[in-house]
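# Geometric and topological summary
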Amino acid sequence: MENELGWFERIVRRAFLFTSGTPEAERILHPFETRNIHQALPAKVKKLFDDGYYAEATFQAFTFVDKTIQRLSKLKSSGFSLMMGALSDSSPLVHLTPCKSVTEKDEQKGYQFLFAGGSLAIRNPRGHEYDIDDSPDICLDHLSLASLLLRRLEQSGFSVS
């Protein structure tokens, strides 16, 4: 009996070597998790990223931001003109701040330029050029900015999904 228990104990103590599961602490996180990319971005963005289409993932994410501002503002324009009209500090259709104090107006205007700059500098080149080859890190930086913009909308009480 003693010998059988010894064999059993040795088997049990080595069983971890044969498990296929990875302990939660050792689980490898997806880059979207480590960079906290916004969950509201379409699943297509993650699929494009995972398949190595980084510029296309960026383009789709900023198109989502654009469409979100269109929906919230009810404007038909897109890109730079949409962002400048919807997020104006003098008469915004999408209020990120109350726009009463100088600081609130400055913040509104600052975000207006961040949204408009994302359209001009990040989305547009990827929509009009065919040879942009972004790295995974550049794509994640772009997606982080898109996530920041979406979170700022949510912080102001807007639904982005």
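Notes on the structure in this doc start here. Remember, it's a predicted structure, so these values are computed and weren't measured experimentally. (Residues numbered from 1 in each chain as written. Predicted model: local features only at pLDDT ≥ 70, side-chain atom pairs only at ≥ 80, totals over all residues. Heavy atoms only, no water.)

### Some remarks on the overall build of the protein
Which entries qualify depends on this criterion: Helical segments are the DSSP runs of H or I of at least four residues, strand segments are the runs of E of at least two, and each set is numbered from the N terminus. Relative accessibility thresholds used throughout: buried, under 20% of the residue-type maximum; exposed, over 50%; partly exposed, between the two (1.4 Å probe, protein chains only). The criterion used for residue contact is that any of the two residues' heavy atoms lie within 4.5 Å. Note on areas: these come from Shrake-Rupley sampling with a 1.4 Å probe, and a residue is covered only by the protein chains present in the view.
For the protein, the count of helices and strands is 7 helices and 0 strands. Within the protein, the proportion of its 161 residues that are buried is 37%. Contacts in the protein between residues at least 24 apart in sequence constitute 58% of all its contacts with a sequence separation of at least 6. Within the structure as shown, the protein displays about 10200 Å² of accessible surface, and the carbon and sulfur contribution to it stands at 57%.

### Considering the pattern of salt bridges
What counts is decided by this rule: For this analysis, a salt bridge means a side-chain nitrogen from Lys or Arg found within 4 Å of a carboxyl oxygen belonging to Asp or Glu.
Taken as a whole and assessed by the stated rule, the structure comprises 6 salt bridges. Asp 66 is the partner of Arg 123 in a salt bridge, and the nearest nitrogen-oxygen pair spans 3.5 Å. Remark: Asp 66 occurs in helix H4 (residues 54-73) and Arg 123 occurs in helix H6 (residues 102-128); sequence separation between them is 57 residues. Comparing Arg 123 with Asp 66 shows no difference in burial state: the two are buried.

### Observations regarding helix H5 (residues 79-86)
The condition is simple: The directions considered for the arc run from the helix axis to the C-beta atoms.
Of all the residues in H5, the buried ones are Gly 79, Leu 82, Met 83 and Ala 86. The arc that holds every buried residue of H5, seen down its axis, measures 95°, which confines them to one face. Considering only its buried residues, H5 is in contact with H4 and H6.

### With respect to the packing of aromatic side chains
Our working rule: Note on aromatic pairs: the rings of Phe, Tyr and Trp (six-membered ring only in Trp) are paired at centre separations within 6.5 Å, and the planes decide the class, stacked below 30 degrees, edge-to-face beyond 60, tilted for the rest. Remark: a charge is flagged as sitting over a ring if the NZ atom of Lys or the CZ atom of Arg is within 6 Å of the ring centre and within 35 degrees of the ring normal.
Taken as a whole, this structure holds 2 aromatic pairs when the rule is applied. With centroids separated by 5.2 Å and ring planes inclined at 65°, the aromatic side chains of Phe 49 and Tyr 54 adopt a geometry described as edge-to-face. For Tyr 54, a relative accessible area of 19% corresponds to the buried category. Grouping aromatic residues by their ring pairs yields a cluster made of Phe 32, Phe 49 and Tyr 54. Over the aromatic face of Tyr 111 sits the side chain of Arg 152, whose NZ or CZ is 5.4 Å from the ring centroid.

### Remarks on the environment of Gly 127
Summarising the element assignment, Gly 127 is placed in helix H6. Gly 127 sits in the partly exposed class, given a relative accessible area of 42%.

### A word on unusual backbone geometry
With phi around 55°, Asn 36 is a residue other than glycine that occupies positive phi space. By secondary structure assignment, the location of Asn 36 is in the loop between helix H2 (31-34) and helix H3 (43-50). One non-glycine residue, Lys 74, lies in the positive phi region at around 65°. Position of Lys 74 among the secondary structure elements: in the loop between H4 and H5. Overall, the relative accessible area of 68% leaves Lys 74 in the exposed class.

### Comments concerning the side chain of Asp 66
What counts is decided by this rule: For this analysis, a polar contact is any N or O atom pair within 3.5 Å, provided that within protein one partner can donate a hydrogen and the other can accept it, and provided that sequence-adjacent residues contribute only side-chain to side-chain pairs.
Given the relative accessible area of 2%, Asp 66 is considered buried. Separated by 3.5 Å, the side chains of Asp 66 and Arg 123 make a polar contact.

### A short note on the side chain of His 30
When you line up the elements, His 30 lands in the loop between helix H1 (2-14) and H2. One polar contact links the side chain of His 30 to the main-chain amide nitrogen of Phe 32, over a distance of 2.9 Å. Ignoring sequence-local partners within four residues, the contact set of His 30 consists of Lys 46, Phe 49 and Asp 50.

### Overview of the nonpolar core
Convention followed: In these notes, a set of buried Ala, Val, Leu, Ile, Met, Phe, Trp, Tyr and Cys residues joined through side-chain atoms within 4.5 Å is what counts as a nonpolar core.
Of all hydrophobic cores here, the largest spans 33 residues; its most connected members are Met 83, Phe 115 and Leu 153. Taken together, the elements giving at least two residues each to this core come down to H3, H4, H5, H6 and helix H7 (136-155). At 8 residues, H4 tops the list of elements feeding residues into this core. Dropping the residues within four chain positions of it, Met 83 is found in contact with Val 65, Asp 66, Ile 69, Ser 88, Gln 112, Phe 115, Ala 116 and Ser 119.

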